[in-house]
Amino acid sequence: MSAITREDLLEWDQSDPLGPMRAQFHIPANTVYLDGNSLGPMPRTTAGRVSQVLEEEWGEDLIRSWNKHGWMELPQRCGRKIAGLIGAAANEVVVADSTSVNLFKLLAAALRLQTERKVILSDSGNFPTDLYVAQGLIDLLDKGHELKLVAPDEILGAIDDQVAVVMLTQTDYRSGRIHKMNEVTAKAHSAGALMLWDLAHSAGAFPVDLRGAGADFAVGCGYKYLNGGPGAPAFLFVAERLQDQVRPPLSGWMGHEAPFLFDQDYRPADGISRNLCGTPAVLSMSALDAGLDVIGNAGMSAIREKSVRMTSLFIDLVETHCADFGFELFSPRDPETRGSQVSFSHTQGYPIMAALIDQDVIGDFRAPDILRFGFTPLYLRYADIWDAVETLRDIMTSGSWDQPKFHKRLAVT
Ligand SMILES: *Cc1c(COP(=O)(O)O)cnc(C)c1O
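What counts as what
Residues numbered from 1 in each chain as written. Predicted model: local features only at pLDDT ≥ 70, side-chain atom pairs only at ≥ 80, totals over all residues. Heavy atoms only, no water. Near = heavy atom within 4 Å. Polar contact = N/O pair within 3.5 Å; in protein donor to acceptor, adjacent residues only side chain to side chain. Areas by Shrake-Rupley, 256 points an atom, 1.4 Å probe, with all protein chains shown as cover. Helix = DSSP H or I, 4+ residues; strand = E, 2+ residues; numbered from the N terminus. Nonpolar A, V, L, I, M, F, W, Y, C, P; charged D, E, K, R; others polar. Buried < 20%, exposed > 50% of the residue type's maximum accessible area, 1.4 Å probe, protein only. Contact = heavy atoms within 4.5 Å. Salt bridge = Lys/Arg side-chain N within 4 Å of Asp/Glu carboxyl O. 1 Å grid on protein atoms, 1.4 Å probe; cavity = no way out; pocket = protein on both sides within 12 Å on 5 of 7 lines; lining within 4 Å. Points joined across faces, edges and corners; volume = space filled by probe spheres on them. Domains from an automatic or database assignment. Axes fitted to C-alpha atoms, helices over the stretch in contact; angles between N-to-C directions. Parallel < 35°, antiparallel > 145°, perpendicular 65-115°, else oblique. Left-handed = near helix turned anticlockwise from the far one by under 90°. Phe/Tyr/Trp six-rings, centres within 6.5 Å; stacked < 30°, edge-to-face > 60°. Patch = residues over 30% accessible without salt bridge, like charges linked within 9 Å, V, L, I, M, F, W, Y side chains within 5 Å. Pairing = 2+ DSSP bridges. Buried area = accessible area lost by both parts, 1.4 Å probe.

Draft legend 1. Quick look at the site of the ligand. The immediate surroundings of the ligand are formed by S98, T99, S100, F127, T129, D130, T169, D198, A200, H201, Y223 and K224. D130 places a side-chain nitrogen or oxygen 3.0 Å from a nitrogen atom of the ligand. The side chain of K224 places a nitrogen or oxygen atom 2.6 Å from an oxygen atom of the ligand. Contact with the protein chains removes 86% of the 390 Å² of surface that the ligand exposes when unbound. Elements represented by at least two residues in the shell around the ligand include exactly α5 (99-112) and α6 (128-141). Residues belonging to the shell around the ligand are distributed by class as follows: three nonpolar, six polar and three charged.

So this is what it looks like as structure tokens:
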């Protein structure tokens, strides 16, 4: 048994500088929510903000709201708030579309800057949508590009003078392993390649320093650690030095230099805004904006400090309290290279996770055998982690996970 007791953890919670943040979220009673890495919970201010946009702005002010309530600037306004979380300058980020679509836009833009090279380099642990988008773009371009995949720890060695773009998800969605952003970006640049980062499980999870690393392009997700709500718009980053070289593949009117001149010819806007395509999704972007204000007040270094303490605690408790049940740590043991999630593999991972969720301990399952737990310091308490591990232990001790209803696969895991 670990030496730590539940009473110790209640004390940790008492002296936790982020403790008061929990009151800013709606967390269902008796629920330990370990899936904020996949869908962040609802900030309390969000419902009010969205209903204000509905009732007052849309309802009363109608189309005047584009000017009167700043709807038109939402992509840049939200972008500025995200920039502060990922080490970007205020004019280097906009919010638009989904992560998948933004990846398409920036990967296409990057390939257009690299006319002589044909290789997109990524790793075999990358999230499928990233790989699918690259495959679809290669097919569309029909210029002999190739998607080359290597194991995550072989990336540095695989960057050579054939590579046009290194396209990586910084935090592995299954294991939580973090790529070394500075080192990989520097290697890409020394080989003449461009660097595109997917920050889906990084933004809002720990401090990211895109400028410090010298990154060229990045995309990321609004509904995970940024708590923007289901299907929230995503963001994209283009380094200032490249912004006016980018030729957007989706050359819509919102990225035009002067959309309301209704010119017949496309002329890209200056700066980051040329990466917009169509009309912003005002309702969902307003919800994201409310979420960004909450995380913006917390500070990424305080979040990271608590996150490391939480993930380390969870590993310690599972390995001591559930030592006999066959869980294998699937995440890096070194907190330096671990994001804000912990995964364990187990041959019965699916029904065990279903049984946990049935007890309101909510994590998720990733094929083939991974139980994934996200730790989000804004609203989780140390004692919650204790309770989650005790629930897991009860499920394993009693064998209650092995009921037919927990073996039935749902559409979304
Ligand atoms: C969650 C996630 C996405 C999500 O893409 P959507 O377009 O929002 O569906 C993309 N990439 C990575 C690495 C992710 O983790």
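Draft legend 2. Inspection of helix α12 (residues 349-358) at higher detail. α12 sits mainly inside the fold: seven of its 10 residues count as buried. Of the positions making up α12, those classed as buried are G349, Y350, P351, I352, M353, A355 and L356. For α12, the secondary structure elements touched by its buried residues are β13 (361-362), β14 (364-366), β15 (370-374), α13 (382-398) and α14 (404-407). One or two steps after α12, the chain reaches D360, where phi turns positive at roughly 65°.

Draft legend 3. Representation of the pattern of salt bridges in the model. Using the criterion set out here, one finds 21 salt bridges in the structure. Between R49 and D289 there is a salt bridge, with its nearest N and O atoms 3.0 Å apart. One end of the pair, R49, is in helix α2 (residues 44-61); the other, D289, is in helix α10 (residues 282-298), and 240 residues separate them in sequence. For the pair shown, R49 and D289 are each scored as buried. Across the salt bridge formed by D263 and R267, the nearest N and O atoms sit 2.7 Å from each other. Its relative accessible area of 39% is what places D263 among the partly exposed residues.

Draft legend 4. Molecular detail of empty space enclosed by the protein. Counted by the stated rule, this structure contains one cavity of 30 Å³ or more. In this model, the largest cavity occupies a volume close to 50 Å³. What lines the largest cavity is simply G204, Y225, N227, I295, I303, T376, P377, L378 and Y379. In terms of residue class, the lining of the largest cavity is made up of six nonpolar, three polar and no charged. Mapped onto the domain boundaries, the lining of the largest cavity takes at least three residues apiece from domain 1 (6-30 + 299-407) and domain 2 (48-296).

Draft legend 5. Structural detail: the packing of helix α11 (residues 300-321) against α13. As a packed pair, α11 and α13 sit with axes 10 Å apart at the nearest point and diverge in direction by 25°. The orientation of α11 with respect to α13, classified from their angle, is roughly parallel. Where α11 crosses over α13, the handedness of that crossing is right-handed. Together, K306, R309, M310, L313, F314, L317, V318 and H321 of α11 and Y382, I385, W386, V389, E390, L392 and R393 of α13 make up the contact between the two elements. The residue inventory of the contact of α11 with α13, partitioned by class, reads 10 nonpolar, one polar and four charged.

Draft legend 6. Highlighting the packing of aromatic side chains. Counted by the stated rule, this structure contains 12 aromatic pairs. Pairing F260 with F262 gives two aromatic rings, centres 5.5 Å apart and planes at 90°, and the pair type is edge-to-face. The pair F260 / F262 is uniform in exposure class, with both members exposed. On the numbers, 4.9 Å between centres and 50° between planes, the contact of F314 with F375 is tilted. With F314 in helix α11 and F375 in the loop between β15 and α13, this pair connects stretches of sequence that are 61 residues apart.

Draft legend 7. Region of the structure containing a nonpolar patch on the surface. On the surface, W58, L62, I63 and L283 cluster together into a nonpolar patch covering about 450 Å² of accessible area. When you line up the elements, I63 lands in the loop between α2 and α3 (65-68). I63 gets classed as exposed once you look at its relative accessible area, which sits at 68%.

Draft legend 8. How the structure looks around the sheet that holds strand β10 (residues 234-238). Taken in spatial order, the seven strands of this open sheet run β4-β10-β9-β8-β7-β5-β6, and their pairing is mixed. Where the open sheet ends on each side, the last strands, each with one partner, are β4 (93-96) and β6 (146-150). Taking each pair of neighbouring strands and ignoring which way they run, the sheet shows an average axis angle of 20°. Across five bridges, strand β7 (residues 163-169) lies against strand β8 (residues 194-198) in parallel orientation.

Draft legend 9. Layout of the sheet that holds β15. The strand order β11-β12-β15-β14 describes an open sheet built from four strands, whose pairing is antiparallel. Unpaired on one side and paired on the other, β11 (328-329) and β14 mark the two borders of the sheet. As defined by bridge partners, β11 adjoins strand β12 (residues 341-345) across two bridges and the pair is classed as antiparallel. When the bridges of β12 are listed, L329 appears paired with F344. Across the sheet, α11 touches β11, β12 and β15, and the angle it forms with β12 is around 25°. Each of β14 and β15 is contacted by α12, which is oriented at about 35° to β15, the strand it contacts most.

Draft legend 10. Quick peek at the domain arrangement of the chain. Assigned domains within the chain: domain 1 (6-30 + 299-407) and domain 2 (48-296). Every contact between the two is made by 26 residues of domain 1 and, on the other side, 20 residues of domain 2. Where domain 1 abuts domain 2, roughly 1700 Å² becomes buried across the two surfaces, and 62% of that area is made up of carbon and sulfur atoms. Taken as a group, M300, T337 and Q341 account for 30% of the area that domain 1 buries against domain 2, more than any other trio of residues on that side. Along the contact surface separating domain 1 from domain 2 lie zero salt bridges. Joining domain 1 to domain 2, the criterion identifies eight residue pairs in polar contact (both at pLDDT 80 or more).

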